[in-house]
Amino acid sequence: MKGLKEFFSRHRPEIVIFAGKGGLGKTTCSAALAYHMATQEGKRTLCFSTDPQASLSDIFERNIYGQGVIELLPNLNVVEIDADRRVSDYQQSIKRKILDMYGLDELPAEIEEYIDSTSAEPAMYESATYDAMAELVAAKEYDLYIFDMPPFGHGVRMVAMAEILGKWVEKITEARTQVQEYEAVAATLKGEKATEDLVMKELVDIRNKIKTFTDLLTDSKRTAFFMVIIPEQMAILDTERALGMFDALGMRMSGLILNQVYPKELLEKPNLSEFLKNRIEMQQHYLGIIREKFGDLVVAALPMYTREPKGLQMLAQVAEDLMYPKLAL
Amino acid sequence: MSPFWLVALALIAYYVAYRVYGKWYDRTVWRPDPNRTTPAHMYMDGVEFFPVNRYVLWGYQFKSVAALGPILGPFIAITYGWLPAFLWIVLGNFFIGWLQDYGAIMVSVRNEGRSFGPISYEFTGAAGRNTLLYFILFYLWIISATFIFLIATFWNIFPSTFVATLGILVTGVLVGQMLYRYKMPIGTITIIALILVVVSIWLGMRLPTPKDFLGPWTLAFWAAVTCVILYLASILPMPTFIQPVNYVAFFPAYLAIVLILLGALISPLTGVILQQPAWKTAYAPFVGPIWPILFVAIACGAISGWHSLVGSSSTSKQLDIEPDAHPVGAGAMLSEGMLALASVTAYMVLSPDELKGMTNIGAWVLGATKLTAPYLGGDVSKAVLTTFFGLTLVIYALTVQTLVTRFWRLVAGEIFGESVLGQKHVATFIGLLIPWIFAVSGSWINLWLYFGGSNQLMAGLAIMLITIHLARVKAPTIYTLAPATFMIVTTLSALAVQTFYFFQATMYGLANGKPHPAFVRPPLDQYPGVAIFLNGVFVLVGAALFILGIRMAVLTYRAYGRFRAAPAAPAAVAGGSKE
Amino acid sequence: MASKEQKGEEKRPGFGEMMKGVLYGMASHGHVMAALRTRMYLEHLFMFITLGDMLGIPVLPPYYSLRILPYAVPNIKSWKMRVFRERDFTDAIY
Amino acid sequence: MTTLEQFLRAHPDLRFIFTGGKGGVGKTVTAAALAYFFATQGKRTLLASLNPVHSLSSIFAQDLTGGEIKPVKGVNNLQAVEVETKDVVARYRENISRRVREFLKWADIPVDPRPFVDIAVTNPAFEESAMFDKMMDMMVQEKEAFDVIVFDTAAVANAVRLIGLSKIYGLWLSRMIESRKEALSLRVQLAFRKDKVMEEVKKDPLLADLLSMNERFNQVKELLTNGTQTAFFFVTLPLALPISVVKRFITMVSAYDIPVGGVLVNGILDRKVAEASDEEYLRNKFEEQLGYLQTIKQDLGPMVRSFIPLYPQEVVGLHTVATVANDMLHYMPDFWEDL
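In this convention, every chain numbers its residues from 1, walking through the sequence in written order. Whichever chain is written first becomes A and whichever ligand is written first becomes 1, with later ones labelled in order. Whole-chain, interface and lining totals are the exception, using all residues; otherwise, since this is a predicted model, local features are given only for residues with pLDDT of at least 70 and side-chain atom pairs are given and counted only at 80 or more. Working from all heavy atoms in the structure, the side-chain values ignore hydrogens and water.

Draft legend 1. Representation of the overall build of chain B within the structure. What counts as a helix is a DSSP run of H or I of at least four residues, what counts as a strand is a run of E of at least two, and both are numbered from the N terminus. Helices and strands together make up the secondary structure of chain B, namely 21 helices and 2 strands. Expressed along its principal axes, the backbone C-alpha trace of chain B runs to roughly 65 × 60 × 55 Å. Only protein chains enter the area calculation, which uses a 1.4 Å probe; residues under 20% of their type maximum are buried, those over 50% are exposed, and those in between are partly exposed. Taking all 579 residues of chain B together, the buried fraction comes to 66%. Note on contacts: a residue pair is in contact if any heavy atoms of the two residues lie within 4.5 Å. Relative to all contacts within chain B whose residues are 6 or more apart in sequence, the contacts with residues 24 or more apart total 85%. For the area figures, the Shrake-Rupley method with a 1.4 Å probe applies, and any residue is considered shielded solely by the protein chains shown. Summed over all atoms, the accessible surface of chain B reaches about 18600 Å², with 72% contributed by carbon and sulfur. Only four residue types enter the charge count: Lys and Arg as positive, Asp and Glu as negative, with His and the chain ends excluded. Taken as the charge centre is NZ of Lys, CZ of Arg, CG of Asp or CD of Glu, depending on the residue. Here chain B carries 31 positive and 19 negative side-chain charges, and the mean point of each set is 3 Å from the other.

Okay, here's the thing in structure tokens:
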């Protein structure tokens, strides 16, 4: 197992994404990597959690949820977005824009209701998260962005979403362009000047944003995807499924990170409790399967820590294990 | 006699129709109200409904209604002599023609801008609309058959026109590209287009196509080429093909009208005189007796059903104020009458020698050249003028036919829905294959009369719909009921006569084992079975048109009776709300 | 075409203007209508995938659609009218 | 502390059980154990997994895939289903794309409208709505066939969405219905064949769908907020992250008037196991656990219903589910009282 250090010596991604099922340690890995990159490699790093469970706050032991970008240490910036609030802010801004554009005092009821009820659209929440990510990346303020993906659909959904949004904006731009073309011709024939299309301007803006980000996400040179896995049957099945989804999207997984592994050496301890012995043996069994199934894809393995990894000190430990894994598969 | 006097007389008649009869009729029947909100304002959506100034609308309506009908119809009509044709064009227009065009616009304006499909639905129910739908399906086949035949014929008899036509099409496509892709100003585009039109004519003269090069199959070949062009027109986006081609075609086509009218008006100076007899016969074999045939032969010059379809489809939705309907509807129709007169004139100036037999479809070109050459450079320019007028004939036929083919596809889509037959490519293919077969059959005069019959019948039915509306709002109906009845009886008779001819021909064919010589042309004379079969098909087509026509007539008369007996309709039904 | 709100009592245009109108009507008006209609259907498509749920058709997440909404506000009514008007085959002659 | 047993005795009419919690805390296992328990009590029980990625099959070590309700082999009265949404999504898409195509009947446009329609109906979130839809379906339709339905509501994000949805979904639905009605009445108004269009409008499948969805939604909302029939159980581990998730979760759920059944603490390292050896691992872990359990007791004390020990093996197979079900009701860590 080569470790992430080796990976980063060969690759210089601008974005690192941790995907996978919830509860396996994605957030911990994200936080640890961010900590390492910021403090050891001197990279301006942003760690972004899209996980609605707000665990970044717990890991850094500081409430950062919905507070915007916070600089925890020099170079180490974290943000945990409150997607709900983002959605409602966005809705407000649209309302205000309509009022301003037409000099209205209040919105037509139909429009107001329409805007309000969009928060019920299940994808609204994800789109808002996506938009927040795109916006941060577009600002280009950091050398490295680390995203902790939400657990639903293994975070792969987010990429699928990027793809769909990309296609969507392509299509509506195409339709709009044609609308404009015909409008322009009608105007030309009438001897009038075609009016500038404000919608088009907006679309170009949206498209640039989505396209830049989606291109970045799908460029394996600039974006690295890691998935966290633990040596249990269900996690293995899940990982296989996620890899399938990745393939379907035409994307490549940069590596798997094994977590919560009991050191095999423990077995040699003479008075090992039956309990631990059983667990370790079970793990060994699944590790074998992992080796067989994923082999070289596993880039790092984290031991089962004796304490829940939180706080900067523990993070330093996790980071160390991530970069230079001591465990062998 | 100089054609001038005829044109002058007609002008006076039309002036009276427009100013005196028209104004009186307006006061008595429609009472257009400048304050009544028109659908253009009521439903303004900037796409279908929006007010357009009356000059523009007049130009649009005239352009949409003026086609090959008034140009070629008189050619058949003068079989009986020019006087009956002349009288029909003047009087038919005076008492019937403009009333229909005008009424179609008004009835639509007073019914929320609805077109004839919805109006027939409202007045005569689903049965009426469906009958109309199927009637139109056949009607369009027949139009297509005649126009495809004519285009093919023109290309063959004017060898310089094919390349010129191609030039116009290519220019049209270029204009589309300049407009849509390069977004050039329309002035520049027009200048380039006009230069290219001249180049096209020049090229056409330089590169004549060989005459009859495939022997009897030449016509079939040219008809197939026409179908290919029409196919493209039907499936390509309208704004980038049909419309720009129309734009380019507009200039030569209308220049031709202006030149002929001018030629007729200054004929006392140029010395061109009438050479055709005013009266020839009351019965032409295989064409039919003067009544009802004359009235359907001039397919558009005096009255045409196509006009009310156009008028109620787009024009009525864009009428700014009700009084505009008079100049737009009546004005355009009377102008069309002038176009028909100009054509009659073009035929009249030909000597009986020049107009030999019924085969010379190019007679109009000959006459037009004769009328205009004297003031356009004399004999030297004759070759150019022949190409030019030949080309305009093709253009008239082709531009209308592109719309007809596309329209047929939409009708097929409506009838066959999402099944294969309603599918864009399949529908277009069928909408061209059948007319192609019809065209190749060669019974073009009789087909033309089918076309005229169904077209004028359409007009009669349109006037009936107008009459129903008037009955509904308790306005005087006699001024439309009488013409409608005359048109319906005449056209049904004409259809019956033509169907009977085809029936006779089929029987003759079956009895003798070879097709009747008057109802077959090369190449089908080589295939008697096919020719006889086609005659049989034409019997069926005629019967279908006849039966659908009768059905629609019955439905409209019934509706008329019903509305006549009903108490006055509330104001809302009578038209837009009062402001 | 510019709409004339003052009805009935517009001043008579000069001959040149008349001819311009007539020529435009003959040469271009049909084309303009065809272009406008094509534009309309394209706009239908555009609106379906941005604000389709305004028609009670639950379509894509309108997160970015909302940014289009302000521009569409004044046209929503006429858009609905255009979408829902039942069209007949006889409306398609232009 | 009211134990799970006491709680269940006090709520004999419970029909809908939901489990929630952070990912990886053992929700599915807990749900399976609860269902197993109800089944052994002689209640006709349905265990429904609403996860986008199902694991019922691996937990019961038998094939429960396919989206059909299947009996669980080896347990009387217990049936299970791994809910699939493909059919709902496909029907949904087809329905919408047909409506859209209708509007383009006369459209003569230079583009192929199909990809536009496709993109308009491609939405990963449809699956979530569809899942919610299926859940509503089950609550309304399978009510009679089963005495108890246990829902495993997937990772917390989905569960939040599911619950959140139940509030805004109503708003969204009623707006959709309104728009659709407006659309249909406009259609009639702008039709020339009013009677024909009226017929079509009456049969409008979209509106029918929306209305039935609304009706089901109202029924479900009532059921969801009914404390004698419904209970939400939250699963946590004695670790900081899952605990804070559960806390946030409970606040939210209560705000929606959804009855909370209680908190189930999973993965308890028993004192005996920890002290049986002198490994640092277990000792440290036990120490750490005491701290977290203290937090739980402090913050969630009265809500705690049961404890599930940490097993040396992964919970896979029917017998282990049985063990969990048994422990869930009877296991009590001896140090809880002293915390």
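Next comes the rest of the write-up.
Draft legend 2. Up close: the overall build of chain C. Across its full length, chain C carries 4 helices and 0 strands. The secondary structure elements of chain C, listed N-terminal to C-terminal, are α-α-α-α. Going through the 94 residues of chain C one by one, you find that 73% of them count as buried. Relative to all contacts within chain C whose residues are 6 or more apart in sequence, the contacts with residues 24 or more apart total 53%.

Draft legend 3. Examining the interface of chain D and chain C more closely. Taken together, the contact between chain D and chain C spans 35 residues of the former and 25 residues of the latter. Buried area is calculated as the accessible area (1.4 Å probe) missing from two parts once they are joined, with the contributions of both summed. Its largest share of buried area at the contact with chain C, chain D owes to Phe103, Trp106 and Leu190 of chain D, together 25% of the area lost on that side. The term salt bridge refers to a side-chain nitrogen of Lys or Arg lying within 4 Å of a carboxyl oxygen of Asp or Glu. Summed over the shared surface of chain D and chain C, the result is 3 salt bridges. The partner of Lys80 of chain C in a salt bridge is Glu182 of chain D, with the nearest N and O atoms 2.8 Å apart.

Draft legend 4. Quick peek at the pairing of strand β6 (residues 223-229) of chain A. Residues and elements named next belong to chain A. The buried fraction of β6 is high, at 7 of 7 residues. The side-chain alternation of β6 yields two buried faces, one formed by Thr223, Phe225, Met227 and Ile229 and the other by Ala224, Phe226 and Val228. At least two DSSP bridges between two strands are needed for those strands to be called paired. Of the pairings in the sheet, the one linking strand β1 (residues 15-19) to β6 comprises 5 bridges and is parallel in character. Residue pairing in the sheet places Ala19 in a bridge with Met227 of β6. Two elements, β6 and strand β7 (residues 255-261), share 4 bridges in a ladder whose sense is parallel. Looking at the pairing, Phe226 lines up with Gly255 of β7. When the strands point away from the viewer and the path from the first strand over the helix to the second turns clockwise, the crossover is right-handed. As a crossover connection, the stretch from β6 through helix α9 (residues 233-248) into β7 is right-handed.

Draft legend 5. Spatial organisation of the interface of chain A and chain D. At the interface, 57 residues of chain A touch 58 residues of chain D. Linking chain A to chain D there are 1 salt bridge. The salt bridge partner of Asp58 of chain A is Arg248 of chain D, with a shortest N-O separation of 3.8 Å. Pairs of N or O atoms are called polar contacts if they sit within 3.5 Å, as long as, within protein, a hydrogen donor faces a hydrogen acceptor (for residues adjacent in sequence, only side-chain-to-side-chain pairs). Linking chain A to chain D there are 6 residue pairs in polar contact (both at pLDDT 80 or more).

Draft legend 6. Here's a closer look at the packing of helix α1 (residues 3-30) of chain B against helix α5 (residues 82-109) of chain B. Residues and elements named next belong to chain B. A fitted line through C-alpha atoms represents every axis, and for helices the fit uses only the stretch in contact; the resulting angles, taken between N-to-C directions, go from 0 to 180 degrees. Viewed as axis vectors pointing N to C, α1 and α5 meet at an angle of 30 degrees, and their least axial separation amounts to 11 Å. By the angle between their axes, α1 is roughly parallel relative to α5. The two elements α1 and α5 meet at a crossing, and its hand is right-handed. Side-chain classes are defined by residue name, with Ala, Val, Leu, Ile, Met, Phe, Trp, Tyr, Cys and Pro counting as nonpolar, Asp, Glu, Lys and Arg as charged, and the others, Gly among them, as polar. In terms of residue class, the contact of α1 with α5 is built from 21 nonpolar, 3 polar and 1 charged. Note that the term roughly parallel is reserved for angles under 35 degrees, roughly antiparallel for angles over 145, roughly perpendicular for angles of 65 to 115, and oblique for everything else. Note: crossing handedness is left-handed where the near helix turns anticlockwise from the far helix by less than a right angle, and right-handed where it turns clockwise.

Draft legend 7. Expanded view of the sheet that holds strand β4 (residues 78-82) of chain D. Residue and element names in this part refer to chain D. With mixed pairing, 8 strands are arranged side by side in an open sheet as β3-β4-β2-β5-β1-β6-β7-β8. Both outer strands of the open sheet, β3 (70-71) and β8 (304-309), are each paired with one neighbouring strand and no more. Contacts from helix α2 (residues 27-40) reach β1 (16-20), β2 (45-49), β4, β5 (148-152), β6 (230-236), β7 (260-268) and β8 within the one sheet, and its direction differs from that of β5 by about 170 degrees.

Draft legend 8. Inspection of the side chain of Thr161 of chain B at higher detail. For Thr161 of chain B, the location among the structural elements is in helix α7 (residues 161-180). A distance of 2.6 Å separates the side chain of Thr161 of chain B from the backbone oxygen of Phe158 of chain B, its partner in a polar contact.

Draft legend 9. Region of the structure containing the packing of aromatic side chains. Two rings from Phe, Tyr or Trp (for Trp, the six-membered ring) form a pair when their centres sit within 6.5 Å of each other. Planes less than 30 degrees apart are called stacked, planes more than 60 degrees apart edge-to-face, and all others tilted. Enumeration according to the criterion identifies 67 aromatic pairs over all chains in this entry. The interplanar angle of 50 degrees and the centroid separation of 4.8 Å between the aromatic rings of Phe94 of chain B and Phe95 of chain B together place this pair among those described as tilted. Here Phe250 of chain B and Phe251 of chain B contribute two aromatic rings whose centre-to-centre distance is 5.0 Å and whose plane-to-plane angle is 75 degrees, an arrangement assigned as edge-to-face. You can call Phe250 of chain B buried: its relative accessible area is 3%. What links up through ring pairs into an aromatic cluster is the set Tyr21, Trp24, Tyr25, Phe94, Phe95, Trp98, Tyr102 and Tyr479 of chain B. Seen from the ring of Phe116 of chain D, Lys171 of chain A lies directly overhead, with NZ or CZ sitting 4.5 Å from the centre. Note on criteria: charge over ring means Lys NZ or Arg CZ within 6 Å of the ring centre, with the direction from the centre no more than 35 degrees off the ring normal.

Draft legend 10. Here's a closer look at the pattern of salt bridges. For the coordinates displayed, the defined rule picks out 60 salt bridges over all chains. Ionic pairing is found between Glu174 of chain A and Lys171 of chain A, a salt bridge with its closest N-O pair at 3.1 Å. Here the residue Glu174 of chain A and the residue Lys171 of chain A both occupy positions in helix α7 (residues 156-189), the gap between them amounting to 3 residues, near one helical turn. Here Glu174 of chain A falls in the partly exposed class, since its relative accessible area comes to 31%. You can call Lys171 of chain A buried: its relative accessible area is 18%. A salt bridge links Arg54 of chain B to Asp324 of chain B; the nearest nitrogen and oxygen atoms lie 2.8 Å apart. Highlighted residues: Arg54 of chain B in helix α3 (residues 54-65) and Asp324 of chain B in the loop between α13 (305-313) and α14 (325-348), separated in sequence by 270 residues. Since its relative accessible area comes to 23%, Arg54 of chain B is described here as partly exposed. For Asp324 of chain B, a relative accessible area of 2% corresponds to the buried category. Via salt bridges that share partners, Arg129 and Glu414 of chain B, Glu86 and Asp88 of chain C together with Arg193 of chain D belong to a single interconnected network.

Draft legend 11. Fine view of the side chain of Asp131 of chain A. Among the secondary structure elements, Asp131 of chain A is positioned in helix α6 (residues 122-139). Within the structure, Asp131 of chain A has its side chain in polar contact with the side chain of Lys209 of chain A (distance 3.0 Å). Leaving out residues up to four positions away in the same chain, Asp131 of chain A has contacts with Arg86 and Lys209 of chain A together with Tyr63 and Tyr64 of chain C.

Draft legend 12. Main features of the packing of α14 of chain B against helix α15 (residues 363-372) of chain B. All names here are of chain B. Put simply, α14 and α15 touch, their axes get as near as 7 Å, and they point 90 degrees apart. Here α14 lies roughly perpendicular to α15, going by the angle between them. Together, Ser343, Thr345, Ala346 and Tyr347 of α14 and Ala363, Trp364, Gly367, Ala368 and Leu371 of α15 make up the contact between the two elements. Of the residues in the contact of α14 with α15, the class split is 6 nonpolar, 3 polar and no charged.

Draft legend 13. How the structure looks around a nonpolar patch on the surface. Patches here are clusters of residues that have more than 30% relative accessible area and form no salt bridge, with a 9 Å joining cutoff for like charges and a 5 Å cutoff for nonpolar side chains (Val, Leu, Ile, Met, Phe, Trp, Tyr). On the surface, a nonpolar cluster with roughly 560 Å² of combined accessible area is contributed by Ile191, Ile195, Val199, Trp202, Leu203 and Leu207 of chain B. Here Ile191 of chain B lies in helix α8 (residues 186-206).

Draft legend 14. Looking closely at the sheet that holds β1 of chain A. Residues and elements named next belong to chain A. Strand order in the open sheet made by the 8 strands is β3-β4-β2-β5-β1-β6-β7-β8, with mixed pairing throughout. The open sheet has two edge strands, β3 (70-73) and β8 (298-303), and neither has a second partner. The average undirected angle you get between the axes of adjacent strands in this sheet is 25 degrees. Against the sheet, helix α2 (residues 26-39) touches β1, β2 (45-49), β3, β4 (76-80), β5 (144-148), β6, β7 and β8, its axis set at about 165 degrees to β5. Contacting β3, β7 and β8, helix α11 (residues 312-323) crosses the sheet at an angle of about 140 degrees to β8.

Draft legend 15. Focus on the confidence of the model for chain C. Residue and element names in this part refer to chain C. Across the chain, each position has a pLDDT score giving the predictor's confidence in that residue, from 0 to 100. Across chain C, pLDDT averages 82, with 86% of residues at or above 70. Ranking the elements of chain C by mean pLDDT puts helix α4 (residues 76-84) last with 87 and helix α1 (residues 15-27) first with 92. This model gives residues 1-9 a pLDDT under 50, and the stretch forms 21 contacts once residues within four places in sequence are excluded.

Draft legend 16. Representation of the pairing of β1 of chain A in the model. Of all the 5 residues making up β1 of chain A, 5 are buried; the element is thus mostly covered by neighbouring parts of the structure. Alternating residues of β1 of chain A divide into Ile15, Ile17 and Ala19 of chain A and Val16 and Phe18 of chain A, and every residue in both groups is buried.

Draft legend 17. Seen up close, unusual backbone geometry. The linkage connecting Trp291 of chain B with the following residue, Pro292 of chain B, adopts the cis geometry, with an omega of 5 degrees. Structurally, Pro292 of chain B is set in helix α12 (residues 290-297). Going from Pro522 of chain B to Pro523 of chain B, the amide bond is cis rather than trans, its omega being 0 degrees. Checked against the element boundaries, Pro523 of chain B lands in the loop between α19 (478-512) and α20 (528-565). With a phi close to 55 degrees, Lys140 of chain A is a non-glycine residue in the positive phi region. In this structure, Lys140 of chain A sits in the loop between α6 and β5.

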